[in-house]
Amino acid sequence: MAEPDAGSAHWRGLRVVARGANRVCVIDPELPGHCLKYPLPPDPAARRSLRHRLRALLARLAPWRGGNRLELRAWRRLHARLGDALHARVARCVGLVDTPHGPALRCELVTGADQAPAPSVYACLFGAARGRYGAEALCAAVSRFEAWLHEAAVPLFDLNSGNLVAVERAGRVELVCIDVKSVLENKEIVPFSRWSRRLARRKIARRAERLRRRIREHAPLAGAQAGH
Ligand SMILES: Nc1ncnc2c1ncn2[C@@H]1O[C@H](COP(=O)(O)OP(=O)(O)OP(=O)(O)O)[C@@H](O)[C@H]1O
Ligand SMILES: [Mg+2]
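From a predicted model like this one, the values you see are computed outputs, not experimental measurements. (Residues numbered from 1 in each chain as written. Chains lettered and ligands numbered in written order. Predicted model: local features only at pLDDT ≥ 70, side-chain atom pairs only at ≥ 80, totals over all residues.)

A few words now on helix α2 (residues 67-82). Between the first and last C-alpha of α2 there are 22 Å, a value that for 16 residues agrees with the 22 Å anticipated at 1.5 Å per step. If you check which residues of α2 are buried, you get G67, N68, L70, E71, A74, W75 and L78. All buried residues of α2 project into a common sector of 165° when viewed along the axis, lining one side. Of the residues trailing α2, G83 is marked for its positive phi of about 65°. (Helix = DSSP H or I, 4+ residues; strand = E, 2+ residues; numbered from the N terminus. Expected span 1.5 Å × (residues − 1). Buried ≥ 20, exposed ≤ 12 C-beta atoms within 10 Å, placed from the backbone. Arc of directions from axis to C-beta.)

Bridge count between strand β4 (residues 34-39) and strand β6 (residues 102-108): four bridges; the pairing is antiparallel. Counterpart to K37 in the pairing with β6 is L105. Summarising the sheet, strand β5 (residues 93-99) and β6 pair through six bridges and their orientation is antiparallel. Bridging across to β6, D98 finds its partner in P103. Here β5 folds back onto β6 in antiparallel fashion, the turn holding two residues. (Pairing = 2+ DSSP bridges.)

In this sheet, strand β2 (residues 14-19) lies alongside strand β1 (residues 10-11) in antiparallel orientation, the contact comprising two bridges. Each residue of the ladder has a partner; that of H10, found in β2, is R15. Once β1 ends, the chain turns through two residues before running back antiparallel as β2, passing R12 with a positive phi of about 50°. Pairing between β2 and strand β3 (residues 23-27): three bridges, direction antiparallel. By the bridge assignment for β3, R19 is matched with V24.

Let us now look at the site of ligand 1. Around ligand 1, 27 residues are found, and the nearest of them are A18, G20, A21, R23 and C25. Only β2, β3, β4 and β6 provide two or more residues apiece to the shell around ligand 1. A breakdown of the residues in the shell around ligand 1 according to their chemical character gives 16 nonpolar, seven polar and four charged. (Near = placed C-beta within 6 Å. Nonpolar A, V, L, I, M, F, W, Y, C, P; charged D, E, K, R; others polar.)

Moving on to the nonpolar core. Residues C124, L138, L156, A166, V176 and V180 are the most contacted members of the largest nonpolar core, which totals 52 residues. Among the elements that take part in this core, helix α3 (residues 121-126) stands out by supplying six residues, more than any other. Non-local contacts of V180, meaning those with residues more than four positions away in its chain, are made with E71, A74, W75, L78, V90 and L156. (Core = buried A, V, L, I, M, F, W, Y, C linked by C-beta atoms within 7 Å. Contact = placed C-beta atoms within 7 Å.)

Given below as structure tokens:
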């Protein structure tokens, strides 16, 4: 992912919250407290894996499988099962909207007490929010988020630092997921983790451990650069 504050602060005149690998997230000018996600054209300068390039091609050939639609379907599926209890752990997706800049996904903007957009874990390690939270507090928040995934049997496998934002609740840092595409996305050739609850748990545990390792490696190295 490009460093969220490395690019321009505006995209087509709209205030950028952050840029992901595939989408830009901007403040919704129509609905306070919300953001809009727009797909970005592939960056020709970026070195992309074959999987990324195939996914971008598929999104162009079959737009109904694009990131925004996938995220909305994944969120709706979770919400149908878990109800409003989901809001504590996952940002609400409102729906697809037509805007002057093209179709976008409207979501609840996760904010801190100051109403500013909550920083991603990535931004806490390498971006504008680096140093805001210590490694141990962030790792403990990853563990609580992981415990919720296990408890609610949520097959969210893409626990990368750009998909989780940090908020303060009851005096401690908690994580909120802002991108649940991976609940439906299949990255395995044979999707064993989708068929077996035990394998799903193990995969989540591995991904959470990888994120904690990354936090421990990079939290003290404020200012370092790396991908997700
Ligand atoms: N609802 C939200 N509230 C606050 N910030 C958000 C929200 N949605 C997205 N963001 C910000 O935008 C960034 C990119 O969002 P998102 O993960 O949805 O895009 P993406 O293109 O899927 O990124 P990637 O492919 O790298 O996962 C996040 O890291 C986060 O900083
Ligand atoms: Mg993402």
